[in-house]
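Here is what each chain is made of, one letter per residue.
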Amino acid sequence: VTVTTRPAATMALPSSVCEGLSADLVFTLTGTPNFSLTYTDGTNSYNISPITGNTYTVSVTPSGTTTYSITALSDASCSAIASDITSTATINVVQRPTAVLSGSTTICSGTTANLNIALTGDQPYAFTYTTNGAGPITISNISTANYTLTVSPTSTSTYSITALSIGGCSAIAS
């Protein structure tokens, strides 16, 4: 009697991804190729076959926090049992930030004006702005959704937010 070891699998993926972007879900397989693997995202099941090596990568684009799990696995000789495929991987989808810059006022020379910046998304924020197209100036580690930017221009000026990010996710210009 020849006894063959059952196949086993683990999976890994980054802990977070920016909204609308993809991440690599990597399966690491032990056993004898060719493998057949079925995994789920909690809603849909996906079958991959044949897998000819001991690693396999799938690009995933979750719309929200998602936990992936392997539901079936077989190799050239055997099928896995539940205890061989207990690995799960969860990815958090980070909302892209938005910013609205407001405030228009007339000030006297040598005084200051407050511009309001309404921010959405997870904190902390970082944004870059320009004054009359010049600069740029970056402000980081903002921990409030309503930020006040105090400015003291020497002439009539226009302020623009040119970049915005949170946790590595950048805003999309509109």
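Residues numbered from 1 in each chain as written. Predicted model: local features only at pLDDT ≥ 70, side-chain atom pairs only at ≥ 80, totals over all residues. Heavy atoms only, no water.

(A) Representation of the overall build of the chain in the model. Within the chain, the secondary structure is distributed over zero helices and 15 strands. For 174 residues, the compact-globule estimate of 2.2 N^0.38 gives 16 Å, and the C-alpha radius of gyration of the chain, at 25 Å, exceeds that figure by more than 25%. When each of the 174 residues of the chain is scored for burial, the buried share is 32%. For the chain, the exposed area adds up to about 9,900 Å²; of that, 48% sits on carbon and sulfur atoms. (Helix = DSSP H or I, 4+ residues; strand = E, 2+ residues; numbered from the N terminus. Rg over C-alpha atoms; globule rule 2.2 N^0.38 Å. Buried < 20%, exposed > 50% of the residue type's maximum accessible area, 1.4 Å probe, protein only. Areas by Shrake-Rupley, 256 points an atom, 1.4 Å probe, with all protein chains shown as cover.)

(B) Focus on the environment of Ser102. Along the chain, Ser102 falls in strand 9 (residues 98–102). By relative accessible area, which is 35% here, Ser102 ends up partly exposed. Between the C-alpha atoms of Ser102 and Ala118, which are 16 residues apart in sequence, the distance is 8.2 Å.

(C) The arrangement of the state of the cysteines in detail. Tallied over the full model, the rule gives one disulfide. For Cys18, the disulfide goes to Cys169, at an S-S distance of 2.0 Å. The chirality of the disulfide connecting Cys18 with Cys169 is left-handed, given an S-S dihedral of about -105 degrees. With Cys18 in strand 2 (residues 16–18) and Cys169 in strand 15 (residues 169–170), this residue pair connects regions lying 151 residues apart in the sequence. On the basis of relative accessible area, Cys169 is assigned to the buried category, the value being 1%. (Disulfide = S-S within 2.5 Å.)

(D) Structural view of the packing of aromatic side chains. Overall, the coordinates contain six aromatic pairs when judged by the stated rule. Plain terms: the ring middles of Phe127 and Tyr147 are 5.6 Å apart, the flat faces sit at 70 degrees to each other, and that makes the pair edge-to-face. Linking Phe127 in strand 11 (residues 125–131) with Tyr147 in strand 13 (residues 146–151), this pair joins segments that are 20 residues apart in sequence. Here Phe127 falls in the buried class, since its relative accessible area comes to 0%. (Phe/Tyr/Trp six-rings, centres within 6.5 Å; stacked < 30°, edge-to-face > 60°.)

(E) Main features of the pattern of salt bridges. Scanning the model with the defined rule gives one salt bridge in all. When the shortest N-O distance is used, the salt bridge between Asp84 and Arg6 registers 2.7 Å. Separated by 78 residues along the polypeptide, Asp84 in the loop between strand 7 (66–74) and strand 8 (88–94) and Arg6 in the segment before strand 1 (8–12) bring together distant segments of the chain. Under the relative-accessibility criterion, Asp84 is labelled buried at 15%. Overall, Arg6 belongs to the partly exposed group, its relative accessible area being 38%. (Salt bridge = Lys/Arg side-chain N within 4 Å of Asp/Glu carboxyl O.)

(F) Representation of the sheet that holds strand 8 in the model. Strand order in this open sheet of five strands is 2-8-7-4-5, and the pairing throughout is mixed. Each of the sheet's edge strands pairs with one partner strand only, and the pair in question is strand 2 and strand 5 (45–51). With direction set aside, neighbouring strand axes in the sheet form an average angle of 25 degrees. The pairing of strand 2 with strand 8 spans three bridges and is parallel. When the sheet's bridge partners are listed, Val17 is paired in strand 8 with Val93. (Pairing = 2+ DSSP bridges. Axes fitted to C-alpha atoms, helices over the stretch in contact; angles between N-to-C directions.)

(G) Expanded view of unusual backbone geometry. Asn34 follows Pro33 through a cis peptide bond whose omega is 5 degrees. Note on placement: Asn34 falls in the loop between strand 3 (23–30) and strand 4 (35–40). The step from Gly135 to Pro136 runs through a cis peptide bond, and the omega angle for that step is -5 degrees. Checked against the element boundaries, Pro136 lands in strand 12 (residues 134–142). Positive phi, close to 55 degrees, is recorded for Asn132, a residue that is not glycine.

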